[in-house]
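Here's the letter readout for the chains.
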Amino acid sequence: MTGPYPALPAKLHPLVSAFLDTPDAVAQTLTRFGSPAHLVFPQVFAENLTSLRDVLDRRAPRHRICYAHKVNQSRALVRTAEQAGIAIDVASAHELASAAGAGFDPPRIEVTGPKGEAFLRDLIDHGATINVDNLWELRRTAELAGDSPVPVLLRVAGFGAGQVSRFGVPLAHTRQALDLLTEHRERIEFLGFAFHLDSGDLGERVRAIDACLVLVERAYDRGLAPSVLDIGGGFRQVFTADAAQFDTYVLALRESLLGRGEPMSWGSNTFGYHITGSAVHGTPVFHKYANTVPASTMLADLLDAPLQAHGGRTVAQVAGDNLLELWLEPGKSLVDHAGVTVASVEFVKQTSDGSVLVNVDLSRDSVTPADQEVMVDPIVLPRVVRQAASAGSDPAQGSTESEPVGVYFAGQLCLERDLITNHKVWLPAPPRPGDPIVFPNTAAYHMDLSAASASMHPPPGKLAVTYDAGAFQVIRDADYEPPAALDHAHCAIPHLGHRPTRPVRSVETP
């Protein structure tokens, strides 16, 4: 293939970009703390929070933001959320302990997802709000409740034909749920209705809100007093820095799957596409990486959407007129661009079909959520300026011309499946052993969802990176503490008038 080569450039936050551009910042961090490492940027998290708050403050002053803890296990991010005064959404006993340890008191903790009896007992004892997933859970909560009523939200699902979810109470079963809530009103403090849709489709969310508002009326008829409408999370991230380049890459990939042009996928991987004759069909596993709409815009569009059943008034207006407090549980959108994962090249090799593999010191499970293909290019940060005479004759190691090379990034496990990129990545020159590799925008699920310790490899450690007084500081994630009295003003990223040139300070607590 001749240039220009297909590329998938990642969108980077200016603070993250400045850190990566600081001379030897990544190399020094890996030398000090070890490779590989997950880096989180609490100031970027705080800026994302401000963006969502600004949308809500203008449209729905009665609101609550609950940070979805499951998106990342970082204590630094949880502490940032706590210090900012928002609530938190947890989905396990360990996340509950993490939230409590970070300073969240029971009124600011909401618990979602499926729950067994032991977990329910803990939640009732703790006093957290239970976002009920099913009728058994609702009934058992009522039976286990003590002297104080248990605060409860009812998650509902099934808002359209074909929208089947393993979570929530189907709309067809909500009458039974209302019967239970009415029967046990002395033991359950019913707050309102909730839903969660992992969809970027505005119409689907509006239909869900319409259905919940009907349920609110039915609850009023039962003498209940719901005061919360929980619209969940699922607000998308923006991974790509260039939508046109993304489309160009995908088009070239589709052509390669049909045998046209240079191969661009490892083995027989089709990324979820179906190949029939001379056509490529279906939705690929990486479709979410094409999104270019930020979460704040998605949220604004939803709150501004007209509800025909309410005379065309907007979602925000109807919620306000009915004295409903809007709750949401953002996770991905709060950590968008707030984390990267850095690793080191161990070696470069060529396979029998001529493919070039760049092996790094972590596994696919450390930077990839579940079975997705992460469609952003890793970034190579050469440690030294290469001299032409140092290049060998090995095609995998480059030539004196340092021509661009198409590679696949491979992990450290002794498994064929441990390919970090199953799609080809073009680099301006072959990397060398020891070169740092940056995997962009990994804070949302990429770091933790599939993390494992196969072959007894420890998972990458977490570090918090901040910028203050003209320099970056790096500290172990567990030791990070946000500024006191973190508010909207403190959420602003310090002005980066120039790229820092001072060495990165590695901060350790005694």
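Cut-off values and rules
- Residues numbered from 1 in each chain as written.
- Predicted model: local features only at pLDDT ≥ 70, side-chain atom pairs only at ≥ 80, totals over all residues.
- Heavy atoms only, no water.
- Helix = DSSP H or I, 4+ residues; strand = E, 2+ residues; numbered from the N terminus.
- Rg over C-alpha atoms; globule rule 2.2 N^0.38 Å.
- Buried < 20%, exposed > 50% of the residue type's maximum accessible area, 1.4 Å probe, protein only.
- Contact = heavy atoms within 4.5 Å.
- Areas by Shrake-Rupley, 256 points an atom, 1.4 Å probe, with all protein chains shown as cover.
- Lys, Arg positive; Asp, Glu negative; His and termini not counted.
- Charge placed at Lys NZ, Arg CZ, Asp CG, Glu CD.
- 1 Å grid on protein atoms, 1.4 Å probe; cavity = no way out; pocket = protein on both sides within 12 Å on 5 of 7 lines; lining within 4 Å.
- Points joined across faces, edges and corners; volume = space filled by probe spheres on them.
- Axes fitted to C-alpha atoms, helices over the stretch in contact; angles between N-to-C directions.
- Parallel < 35°, antiparallel > 145°, perpendicular 65-115°, else oblique.
- Left-handed = near helix turned anticlockwise from the far one by under 90°.
- Nonpolar A, V, L, I, M, F, W, Y, C, P; charged D, E, K, R; others polar.
- Core = buried A, V, L, I, M, F, W, Y, C linked by side-chain atoms within 4.5 Å.
- Salt bridge = Lys/Arg side-chain N within 4 Å of Asp/Glu carboxyl O.
- Polar contact = N/O pair within 3.5 Å; in protein donor to acceptor, adjacent residues only side chain to side chain.
- Arc of directions from axis to C-beta.
- pLDDT = per-residue confidence, 0-100.
- Disulfide = S-S within 2.5 Å.
- Pairing = 2+ DSSP bridges.
- Right-handed = clockwise from strand over helix to strand, strands pointing away.

**Describing the overall build of the protein chain**
Thinking step 1. Of the regular secondary structure elements, the protein chain holds 13 helices and 21 strands.
Thinking step 2. For a compact globule of 510 residues, the expected C-alpha radius of gyration is about 24 Å, and the protein chain comes in at 25 Å, within 12% of that figure.
Thinking step 3. Seen through its principal axes, the protein chain has C-alpha atoms that stretch 80 × 65 × 45 Å.
Thinking step 4. Counting over 510 residues, the protein chain shows a buried share of 53%.
Thinking step 5. Long-range contacts, defined as pairs at least 24 residues apart, comprise 71% of the intrachain contacts of the protein chain with a sequence gap of at least 6.
Thinking step 6. Within the structure as shown, the protein chain displays about 21500 Å² of accessible surface, and the carbon and sulfur contribution to it stands at 52%.
Thinking step 7. Computing the positive centroid from 42 side-chain charges and the negative centroid from 58, the protein chain places the two 1 Å apart.

**Comments concerning the layout of surface pockets**
Thinking step 1. Taken as a whole, the largest pocket encloses approximately 1100 Å³ of empty space.
Thinking step 2. Forming the boundary of the largest pocket are 47 residues, of which H196, D198, K288, K332 and Y445 lie nearest the centre.
Thinking step 3. Sorting the residues of the lining of the largest pocket by element identifies β6 (150-157) and α13 (332-335) as the ones contributing at least two each.
Thinking step 4. The greatest single-element share of the lining of the largest pocket, amounting to three residues, is contributed by β6.

**Side note on the packing of helix α5 (residues 93-101) against helix α6 (residues 117-126)**
Thinking step 1. Interaxial distance between α5 and α6 falls to 11 Å at its minimum, and their mutual angle equals 20°. Classified by the angle between their axes, α5 and α6 sit roughly parallel to one another. Note that α5 runs across α6; the crossing there is left-handed. Every residue of α6 that contacts α5 at A93, L96 and A100 is listed here: F119, L123 and H126.
Thinking step 2. Classifying every residue of the contact of α5 with α6 gives five nonpolar, one polar and no charged.

**Observations concerning the nonpolar core**
Thinking step 1. Among the nonpolar cores identified, the biggest contains 110 residues, and F19, Y67, F193 and I231 are the most heavily contacted of them.
Thinking step 2. Per element, the largest residue contribution to this core is nine residues, and it comes from helix α9 (residues 202-221).
Thinking step 3. Beyond its immediate chain neighbours, meaning those up to four positions away, F193 contacts L153, L154, V156, L178, C212, L215, V216, A219, V228, L229 and D230.
Thinking step 4. Counting 18 residues, the second-largest nonpolar core is a separate cluster that includes F246, V280, Y289 and M375.

**Thoughts on the side chain of E110**
Thinking step 1. Along the chain, the position of E110 falls in strand β4 (residues 109-111).
Thinking step 2. Within the buried core, E110 has no salt-bridge partner, and the shortest N-O distance to an opposite charge, that of R64, equals 6.8 Å.
Thinking step 3. Separated by 2.7 Å, the side chains of E110 and N131 make a polar contact.
Thinking step 4. When near neighbours in sequence (up to four residues on either side) are disregarded, E110 contacts C66, I88, D89, V90, T129, N131, L153, D230, W327 and E329.

**Structural notes on helix α7 (residues 135-144)**
Thinking step 1. α7 sits mainly inside the fold: seven of its ten residues count as buried.
Thinking step 2. Contacts from the buried residues of α7 go to α6, β5 (129-132), β6, β7 (169-170), α8 (174-183) and β8 (188-194).
Thinking step 3. At the N-terminal boundary of α7, the capping side chain belongs to N134, with an oxygen 3.2 Å from the backbone nitrogen of W136.

**A few points about α5**
Thinking step 1. Buried within α5 are the following residues: E95, L96 and A99. Each buried residue of α5 lies within a common arc of 105° when the element is viewed along its axis, so the set occupies one face. Pointing more than 90 degrees away from the buried face of α5 are the exposed residues H94 and G101.
Thinking step 2. Elements that come into contact with the buried residues of α5 comprise β3 (87-90), β4 and α6.

**Concerning the confidence of the model for the protein chain**
Thinking step 1. On average, residues of the protein chain carry a pLDDT of 91, and 91% of them reach 70 or more.
Thinking step 2. In the predicted structure, residues 385-393 sits below a pLDDT of 50 and forms 13 contacts with residues beyond four places in sequence or in another chain.
Thinking step 3. Confidence over residues 487-491 falls short of pLDDT 50; this stretch has eleven contacts with residues more than four positions distant or in other chains.

**Section: the state of the cysteines**
Thinking step 1. Applying the stated rule across the entire model yields zero disulfides.
Thinking step 2. Distance from the sulfur of C212, which forms no disulfide, to the nearest cysteine sulfur (C66) is 16 Å.

**Quick word on the pairing of β6**
Thinking step 1. Summarising burial for β6: eight of the eight residues are buried, a large majority.
Thinking step 2. Going residue by residue along β6, you find V150, V152, L154 and V156 tucked away on one face and P151, L153, R155 and A157 tucked away on the opposite face as well.
Thinking step 3. Here β5 runs beside β6; their pairing, made up of three bridges, is parallel. When the bridges of β6 are listed, V132 appears paired with L154.
Thinking step 4. Each parallel crossover has a hand, and the one from β5 via α7 to β6 is right-handed.
Thinking step 5. Where β6 and β8 come together, six bridges link them in parallel fashion. Looking at the pairing, V152 lines up with F190 of β8.
Thinking step 6. Across two bridges, β6 lies against β7 in parallel orientation. For A157, the partnering residue across the bridge sits in β7 and is P170.

**What about the packing of helix α3 (residues 42-59) against helix α11 (residues 295-303)?**
Thinking step 1. Contact pair α3 / α11: the axes reach a minimum separation of 9 Å and the direction vectors enclose 15°. It follows that α3 is roughly parallel to α11 by the angle criterion. The crossing of α3 and α11 is right-handed. Residues S51, L52, V55, L56 and R59 of α3 lie in contact with α11, whose contacting residues are A295, S296, L299, A300 and L303.
Thinking step 2. Split into classes, the residues belonging to the contact of α3 with α11 amount to seven nonpolar, two polar and one charged.

**Quick look at the environment of V315**
Thinking step 1. Tracing the backbone through its elements, the reader meets V315 in helix α12 (residues 315-321).
Thinking step 2. The sequence separation of V315 and P440 amounts to 125 residues, and the corresponding C-alpha distance is 35 Å.
Thinking step 3. Setting aside anything within four residues of it in sequence, one finds V315 in contact with I209, L302, L303, A305 and L307.

**Here we look at unusual backbone geometry**
Thinking step 1. Across the junction of S35 and P36, the peptide omega takes the value 0°, indicating a cis bond.
Thinking step 2. The residue P36 is located in the loop between α2 (25-33) and β1 (37-40) in this model.
Thinking step 3. Even without being glycine, F271 reaches a positive phi, approximately 60°.
Thinking step 4. In this structure, F271 sits in the loop between α10 (243-257) and β10 (274-276).
Thinking step 5. On the basis of relative accessible area, F271 is assigned to the buried category, the value being 2%.
Thinking step 6. In the Ramachandran plot, L323 falls in the positive-phi region, its phi being about 55° despite a non-glycine side chain.
Thinking step 7. By secondary structure assignment, the location of L323 is in the loop between α12 and β12 (325-328).
Thinking step 8. According to the relative accessible area criterion, L323 is exposed, its value standing at 56%.

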